[in-house]
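These are the residues of each chain, in order.
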Amino acid sequence: MNIIKNSEGKTLNIALEGRLDTTTAPKLEAEFKQSISDNTELNLDFAKLEYISSAGLRVLLAAQKVMNKQGKMVIRNVNDVISEVFEVTGFVDILTIE
């Protein structure tokens, strides 16, 4: 998985490419711990994300909890496969997906 990060003031934009699974979730979790504390907005671009596992969902949930306290988190460009995972798991009710 590739993580492409871009900061603009208090907004952090992260694009994910590849698979967010048990192997790659710790990499994203470490990136969030390092990067999101000073931001009020977190935008995630899933245009090139092919797959997400329960480990990836856990990392997103943790990031959402942090961002609820300090601002907002938005996920954009979700493909049909990942959208279905969000719907089946109920994450559509927890996350802001555009």
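As a reminder, the structure under discussion sits directly above these lines.
Here's a quick rundown of the structure. None of these values were measured; they are calculated from a predicted model.

## Some details on the overall build of the protein chain
Move 1: For the protein chain, the count of helices and strands is three helices and five strands.
Move 2: In sequence order, the protein chain lays out its α and β elements as β-β-α-β-α-β-α-β.
Move 3: For 98 residues, the compact-globule estimate of 2.2 N^0.38 gives 13 Å, and the protein chain sits close to it at 12 Å.
Move 4: Taken over the C-alpha atoms alone, the protein chain extends approximately 30 × 25 × 20 Å along its principal axes.
Move 5: Relative to its 98 residues, the protein chain shows a buried fraction of 39%.
Move 6: Here the protein chain displays about 5,400 Å² of accessible surface, and carbon together with sulfur accounts for 48% of that area.
Move 7: Between the mean site of the 11 positive side-chain charges and the mean site of the 14 negative ones, the protein chain shows a separation of 8 Å.

## Observations concerning the pairing of strand 1 (residues 2-8)
Regular strands place their side chains on alternate faces of the sheet.
Move 1: Pairing of strand 1 with strand 2 (residues 11-20), which is carried by seven bridges, proceeds in the antiparallel orientation. Looking at strand 2, one finds that lysine 5 is bridged to isoleucine 14.
Move 2: Linking two consecutive strands that pair antiparallel, namely strand 1 and strand 2, is a turn of two residues; a positive phi of about 65 degrees is found at glycine 9 within it.

## Observations concerning the nonpolar core
Move 1: In this structure, Phe32, Leu42, Leu44, Phe46 and Phe86 are the most contacted members of the largest nonpolar core, which totals 26 residues.
Move 2: For this core, the secondary structure elements donating two or more residues are strand 2, helix 1 (25-35), strand 3 (41-52), helix 2 (54-70), strand 4 (72-76) and helix 3 (80-89).
Move 3: Discounting residues that sit within four places of it in the chain, leucine 44 has contacts with Ile14, Phe32, Leu60, Met73, Val74, Ile75 and Arg76.

## Here's the deal with the pairing of strand 4
Move 1: When strand 3 meets strand 4, the two strands line up parallel, connected through five bridges. Within strand 4, the residue paired with asparagine 43 across the bridge is valine 74.
Move 2: Viewed along the sheet, the connection from strand 3 through helix 2 into strand 4 turns out right-handed.
Move 3: Where strand 4 lies against strand 5 (residues 96-97), two bridges are found, and the strand directions are parallel. The residue bridging valine 74 from the neighbouring strand is threonine 96, located in strand 5.
Move 4: As for the winding sense of the linkage, the β-α-β connection from strand 4 through helix 3 to strand 5 is right-handed.

## Digging into the pattern of salt bridges
Move 1: Counted according to the given criterion, the structure contains five salt bridges.
Move 2: Here glutamate 29 makes a salt bridge to arginine 58, at a shortest N to O gap of 3.4 Å. Taken together, the positions of glutamate 29 in helix 1 and arginine 58 in helix 2 put the pair 29 residues apart, joining distant regions of the chain.
Move 3: For glutamate 29, a relative accessible area of 23% corresponds to the partly exposed category.
Move 4: Its relative accessible area of 45% is what places arginine 58 among the partly exposed residues.
Move 5: One salt bridge in this structure joins glutamate 98 and arginine 76, with 3.0 Å as the shortest N-O distance. Of this pair, glutamate 98 sits in the segment after strand 5 while arginine 76 sits in strand 4, placing them 22 residues apart in sequence.

Cut-off values and rules
Residues numbered from 1 in each chain as written. Predicted model: local features only at pLDDT ≥ 70, side-chain atom pairs only at ≥ 80, totals over all residues. Heavy atoms only, no water. Helix = DSSP H or I, 4+ residues; strand = E, 2+ residues; numbered from the N terminus. Rg over C-alpha atoms; globule rule 2.2 N^0.38 Å. Buried < 20%, exposed > 50% of the residue type's maximum accessible area, 1.4 Å probe, protein only. Areas by Shrake-Rupley, 256 points an atom, 1.4 Å probe, with all protein chains shown as cover. Lys, Arg positive; Asp, Glu negative; His and termini not counted. Charge placed at Lys NZ, Arg CZ, Asp CG, Glu CD. Pairing = 2+ DSSP bridges. Core = buried A, V, L, I, M, F, W, Y, C linked by side-chain atoms within 4.5 Å. Contact = heavy atoms within 4.5 Å. Right-handed = clockwise from strand over helix to strand, strands pointing away. Salt bridge = Lys/Arg side-chain N within 4 Å of Asp/Glu carboxyl O.

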